[in-house]
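Chain by chain, the residues:
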Amino acid sequence: MAKNTSLYFRIVEGRNLPAKDVSGTSDPYCIVKVDNEVVARTATVWKNLNPFWGEEFTLHLPMGFHTLSFYVMDEDTISHDDVIGKISLSKEAIASQSKGLDSWLNLRRVDPDEEVQGEIHLELELQRDPLRTTLRCHVIEARDLAPRDISGTSDPFARVIFNSRSAETSIIKRTRFPHWDELLEMELEQGEVTEDASLTLEVWDWDMVGRNDFLGKVEIPLRRLWKTPVPQGWFRLMPMGTTEEDAGGKLGALRLKVRLVEERILPSACYQPLIDLLAESVISPAEEDDVSPLTLLEDVTTAESRQDVAMTLVKIYLGQGLVVPFLDYLNTREVNRTSDPNTLFRSNSLASKAMEQFMKAVGMLYLHEVLKPIVNRIFEEKKYIELDPSKIELNRTRRISFKGVASESEVRDTSVELLQEYLTCIVDSIVGSLARCPPVMRVAFKHLHRRVEEQFPEPENEDVKYLAISGFFFLRFFAPAVLTPKLFHLRDQHADTQTGRTLLLLAKAVQSVGNLGLQLGHGKEQWMAPLHPLILRSVTAVKDFLDKLIDIDQDNAGITARAVFLPSVTLKEGFLHKRKADSPQLLTRFAFKKRYFWLSSESLSYAKSPDWQVRCSIPVQRVCAVERVDETAFQLQHVMQVVTQEGDGQTHIMYLQCKNVNELNQWLSAIRKASIDNAAMLSSFHPGAHRSGRWTCCQQTDRTAQGCSRTHSAVTLGDWSDPLDPDAEAQTIYKQLLHGRDELSVPMFTVPCAPTPTPNPPNPRLCGNRSQNQDSLEAEAAVAGKRSSSALSSEGAESSQHLRAERRWEVVSRLLAVVQDLEQTHLAFQRRETEDAANHILPP
């Protein structure tokens, strides 16, 4: 059984930050660390003590974590960036908030003694005989220690302390991955060995001048050494333990949203009954008024969780090859329940959310192809554009006119001209993208078009079938991407205030195009009127595009059952600087060459430029590690390594430098996702480089020596390119049903002789043979239904209302049986984990 840990965090804004610059302001940005590894960086908000970021991230951490830290920094162009303050949240503190954390938190001062990281490998033993007691501590090695020296390394040594006595290892120079392999012994007196006694091991950075720097410590109760087997393994280094103060809010505060989701993932066979029930809902759909497991799930889904549930269901049905029937099922129910066409899909129903998440899952690459060129152009040109007379700032118009400050009418005329040009490019790119639109999206829209046309066949409702599609296509897909390109991975950074205003005006115009111009002139923003003629002229082209969009043969659409992306589709691309591990010992700036990279599910390829005909390619199946590289290896930041293994077993390393930490994390995540199913993934690696006859990280001379640090191959950023994981997705749906079980258990009407099923607890080792339990439950539910039916018939009071109640109860009984079955399996695994944990003396 696996464990999945997902961490969602949003850095909303800051307030009352201290001024760090001589101008009386600061240029703040945030760095996010998980266990001292940088996982994200926000954009810099220039000259602002109350910055707004609004950046959110999702991180998948299969191995879990201990601490999430947010550092607020002040960016300096010339000198090193200043640290304003930090906020640290333990995993336990985040997990204690069942609905997540959403609050203002005061920044605290950064204490060097608390900034520790890494692990140490120890073997501990307490030898006792009638004459004496000897404490033996075998200090083997340490990894990922904090850099304390200006060179980016440390000179570590370990010290074992018991009562007033101590023993030390030798000093290993210039490394964060020291290898000691030294045995430290202490003879203990009889009175010293007590229940409350403890052993402390500290790691320090030796300094020739000044005091030594603290690197971390491990405290071990002596009573644990009396047990067998001998405690040994990797131990996490802990901080000194001094109390942090938040300076009374003098350093300002951050508003954060953080949520932790931890799941135990059962074997696949355990979830199969739930998957079967969900598939049954769309393979053999019930009548409109009847219930199904899918409609019951919608009933217990809250507004807060609806988007997550929708995304999870989309992935489940994509994996089953049933995403089109699934969307058609939800859309049919939504359309048939709508009497006023003006309210169609206007609510945040499960159908609306599912269509929205479906477009992101299968259409993100398509969206990038359509919008990225024009979005990049807008960001690069940085034109001042404004139509609202109350917001025009004439002092910013020198970029428009070099003959002095332009008048308000000149600003409006120039803004209208630029917006028309941008909008024309966007509309032309969309209506000309028919061949690039994913076939599965076109088929889904074809079904939607037919359902709406059947429900509203009147001539006066001719535009409704177009509005239903354009409402999703333009209003919920393209317009939000134009408004916030970073959230759709079109840009690495949020737009500045001026560019953001241009994007907002364009997004409004795209929404009007999606509404087919029907609401023009009815709103409060009459200053948008100069764009109305262009919007109205675009309606004919949009309708023609939508007609062609749904003109597709579903049988020949090429929709695969279990794949979202074709192997040839590019998952990520862009310029990187490349260096081979076995290149000559050149100066760093000559060893790294700029190359353009493409990543697909089959290969990682590169060439001198995007248009270069000759490409070098590395099969993704040969990738066995994708990791960060220490800055000390090449005296460069944001470097990663791709380790590959050839058929003869030889490993090769390719070093790649990214332009910033966010691009680094995105490439790490993308390549890890593409290679996640590779069988020969490494468990350790060298975070340095082999230069001048030794590894820069651990100082070992053997090029083939085993890695000195753990790999992080399963740590990825969550986004639209997440691979399908049917077990994790089924677990999410199970948790939703479990939370809504009480609501499901209350029948709509009283139905006699329909007891709640009580299945036997399953054996977790026999998850694959639980069909007998399921059959008996279904049989019991069927018997209950027959009894109810007979009772109603005998009384002559059978009604459609009671029949619906009977059918609902049968579906509820089956669904509750599956939920209870999974709950019992989880409890059985949990008991086993508790028993196993009791046999471990120390955590690794």
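A quick note: this is a predicted structure, and the numbers were derived from the prediction, not measured.

Help me understand the overall build of the protein chain, please; the structure alone is not making it clear to me.
When helices and strands are tallied, the protein chain shows 18 helices and 28 strands. Taking all 844 residues of the protein chain together, 50% fall into the buried category. Taking the contacts inside the protein chain whose residues are at least 6 apart along the sequence as the reference set, 70% of them involve residues at least 24 apart. Looking at the protein chain as shown, the accessible area adds up to about 40500 Å², and 48% of this sits on carbon and sulfur atoms.

Looking at this model, I keep getting lost on the sheet that holds strand β2 (residues 28-34). Mind explaining?
The strands making up a sheet associate through backbone hydrogen bonding, with each pair oriented either parallel or antiparallel. Taken together, four strands build an open sheet; the order of strands is β3-β2-β5-β6 and the sheet is antiparallel. Looking along the sheet, the strands with just one partner apiece sit at the ends: β3 (37-41) and β6 (82-90). Averaged over all adjacent pairs, the angle separating strand axes in this sheet is 25 degrees, with direction ignored.

Please explain helix α5 (residues 323-336) as it appears in this structure.
Each full turn of the α-helix corresponds to 3.6 residues, which orients residues three or four apart in the same direction. With 14 residues, α5 extends 20 Å from end C-alpha to end C-alpha; this agrees with the ideal 20 Å at 1.5 Å per step. Burial of α5 is extensive: twelve of the 14 residues sit out of reach of the surface. Taken together, the buried positions of α5 are occupied by V323, V324, F326, L327, D328, Y329, L330, N331, T332, R333, E334 and V335.

Hey, could you run me through empty space enclosed by the protein in this one?
To find the voids left in a structure, one rolls a probe of water-molecule size over its atoms. The full count for this structure, using the stated rule, is two cavities of 30 Å³ or more. What the second largest cavity holds in volume is close to 30 Å³. Lining the second largest cavity are T153, T175, R176, F177, D630, T632, T696 and C697. Of the residues that constitute the lining of the second largest cavity, the class distribution is two nonpolar, four polar and two charged.

Even after reading the chapter, I still don't get the packing of aromatic side chains, so can you show me in this structure?
The geometry of an aromatic ring pair is captured by two quantities: the separation of the ring centres and the angle between the planes. Considering all chains together, one arrives at 18 aromatic pairs under this definition. Considering the side-chain rings of Y596 and W598, the 4.9 Å spacing of their centres and the 65 degrees angle between planes classify their relative orientation as edge-to-face. The two residues Y596 and W598 agree in class, both being buried. Through a chain of ring-to-ring contacts, the aromatic side chains of Y366, F445, F473, F474, F477, F478 and F545 assemble into a single cluster. Looking at R259, its charged tip hangs above the ring of Y8, at a distance of 4.5 Å from the centre.

Help me understand the environment of R436, please; the structure alone is not making it clear to me.
Mapped onto the secondary structure, R436 falls in the loop between α7 (408-431) and α8 (439-455). Residue classification places R436 among the partly exposed positions, given a relative accessible area of 38%. Each C-alpha atom, one on R436 and one on L367, is 9.4 Å from the other, the two residues being 69 residues apart in sequence. Excluding anything up to four places from it in sequence, R436 contacts Y366, E369 and S429.

Help me understand the pattern of salt bridges in this model?
Two side chains carrying opposite charge are able to pair once their charged atoms lie near each other. Under the defined criterion, the tally for this structure stands at 35 salt bridges. Its salt-bridge partner being E56, residue R10 comes within 3.4 Å of it at the nearest N-O pair. In this pair, R10 is assigned in strand β1 (residues 2-15) and E56 in strand β4 (residues 52-60), connecting sequence segments 46 residues apart. Given a relative accessible area of 23%, R10 falls into the partly exposed group. According to the relative accessible area criterion, E56 is partly exposed, its value standing at 47%. Two residues, K91 and E262, come together in a salt bridge whose shortest N-O distance is 2.6 Å. Residue K91 is found in helix α1 (residues 91-95), and its partner E262 is found in strand β16 (residues 253-265); the two are separated by 171 residues along the sequence. Looking at K91, the relative accessible area reads 18%, which means it is buried. You can call E262 partly exposed: its relative accessible area is 38%. Each of the salt bridges in this network shares a partner with another, and the network as a whole consists of E13, D102, R255 and K257.

What's the story with the nonpolar core in this structure? I'm lost.
Looking at soluble globular proteins, one finds that nonpolar side chains tend to be buried together. Ranked by internal contacts, the top residues of the largest apolar core, which has 121 residues, are L313, F326, F358, L371, F445 and F473. The biggest single contributor to this core is helix α6 (residues 350-381), with 18 residues. Judged by nonpolar contacts, the second largest core, of 31 residues, contains L17, F70, L251 and L254.

What is the right way to read the pairing of strand β19 (residues 603-607) from this model?
Consecutive residues of a regular strand have side chains that alternate between opposite faces of the sheet. With five of five residues buried, β19 lies mostly within the body of the structure. With burial as the criterion, each face of β19 is covered, one bearing S603, S605 and A607 and the other bearing L604 and Y606. Relative to β19, strand β18 (residues 593-600) runs antiparallel, the two being bridged by four bridges. The residue bridging Y596 from the neighbouring strand is A607, located in β19. As paired strands, β19 and strand β20 (residues 616-619) are joined by four bridges and run antiparallel to one another. Bridge pairing in β20 places L604 opposite I618.

Honestly, the confidence of the model for the protein chain in this entry has me stumped. Any pointers?
Note: predicted coordinates in regions of low pLDDT should not be interpreted at a detailed level. Here the protein chain averages 84 in pLDDT, and 86% of its residues register 70 or above. Across residues 776-781, confidence stays below pLDDT 50; counting only partners more than four residues off in sequence or on other chains, it has seven contacts. Counting interchain partners and residues more than four positions distant, the pLDDT-below-50 stretch residues 840-844 has twelve contacts.

Looking at this structure, I do not really get helix α10 (residues 497-514). What am I missing?
Relative to the 26 Å expected for 18 residues at 1.5 Å per residue, α10 spans 25 Å between its end C-alpha atoms, a close match to the ideal helical length. For α10, the tally of buried residues reaches 13 of 18 residues, placing the bulk of the element in the interior. Of the residues flanking the end of α10, it is L516, one or two places downstream, whose phi is positive at about 60 degrees.

Help me understand the side chain of T42, please; the structure alone is not making it clear to me.
By the element assignment, T42 lies in the loop between β3 and β4. Looking at T42, the relative accessible area reads 0%, which means it is buried. Only 3.3 Å separates the side chain of T42 from the side chain of W53, close enough to count as a polar contact. Contacts of T42, omitting those with residues within four sequence positions, involve I11, Y29, C30, W53, E55 and Q493.

What should I look at first to understand the sheet that holds strand β13 (residues 198-205) in this one?
Taken in spatial order, the four strands make up an open sheet running β11-β10-β13-β14, and their pairing is antiparallel. The strands lining the two open edges of the sheet, one partner per strand, are β11 (165-168) and β14 (213-221). Strand-to-strand twist in this sheet, taken as the mean axis angle between neighbours without regard to direction, amounts to 20 degrees.

Procedures and definitions
- Every chain's residues receive numbers from 1 upward, in the order its sequence appears when written.
- In keeping with the predicted nature of the model, local features appear solely for residues at pLDDT of at least 70, side-chain atom pairs appear and are counted solely at 80 or more, and the whole-chain, interface and lining totals rest on all residues.
- Hydrogens and waters are ignored; side-chain quantities use all the structure's heavy atoms.
- Under the DSSP-based scheme used, a helix requires at least four consecutive residues in state H or I and a strand at least two consecutive residues in state E, with every element numbered from the N terminus.
- Relative accessibility under 20% of the residue-type maximum defines a buried residue, over 50% an exposed one, and the middle range a partly exposed one, all with a 1.4 Å probe and only protein chains included.
- Throughout, a contact is declared for two residues whenever any of their heavy atoms are within 4.5 Å.
- All accessible areas in this document rest on Shrake-Rupley with a 1.4 Å probe, and a residue is counted as covered only by the protein chains that are shown.
- Strands qualify as paired when DSSP identifies two bridges or more between them.
- Here, axes are lines fitted to C-alpha atoms. For helices the fit covers the stretch in contact, and angles between N-to-C directions go from 0 to 180 degrees.
- Given the number of residues in a helix, its expected span is that number minus one, multiplied by 1.5 Å.
- Put plainly, a pocket is an open set of points on a 1 Å grid over the protein atoms alone with protein on both sides within 12 Å along at least five of seven lines, a cavity is a set where a 1.4 Å probe fits but cannot get out, and a lining residue has an atom within 4 Å of a point.
- Grid points are joined across faces, edges and corners, and a volume is the space filled by probe spheres set on the points.
- Any residue that is not Ala, Val, Leu, Ile, Met, Phe, Trp, Tyr, Cys, Pro, Asp, Glu, Lys or Arg is counted as polar, Gly included; the first ten are nonpolar and the last four charged.
- When the centres of two rings from Phe, Tyr and Trp lie within 6.5 Å, Trp using its six-membered ring, the rings pair. Their planes under 30 degrees apart give stacked, over 60 give edge-to-face, and anything left gives tilted.
- Charge over a ring is defined by NZ of Lys or CZ of Arg lying within 6 Å of the ring centre and within 35 degrees of the ring normal.
- We define a salt bridge as a side-chain nitrogen of Lys or Arg found within 4 Å of a carboxyl oxygen belonging to Asp or Glu.
- Here, nonpolar core means buried Ala, Val, Leu, Ile, Met, Phe, Trp, Tyr and Cys residues that are tied together by side-chain atoms lying within 4.5 Å of each other.
- Confidence of the predictor in every single residue is expressed as pLDDT, which spans 0 to 100.
- N or O atoms within 3.5 Å of each other form a polar contact, as long as, within protein, one can give a hydrogen and the other can take it, and as long as residues adjacent in sequence are counted only when both atoms are side-chain atoms.

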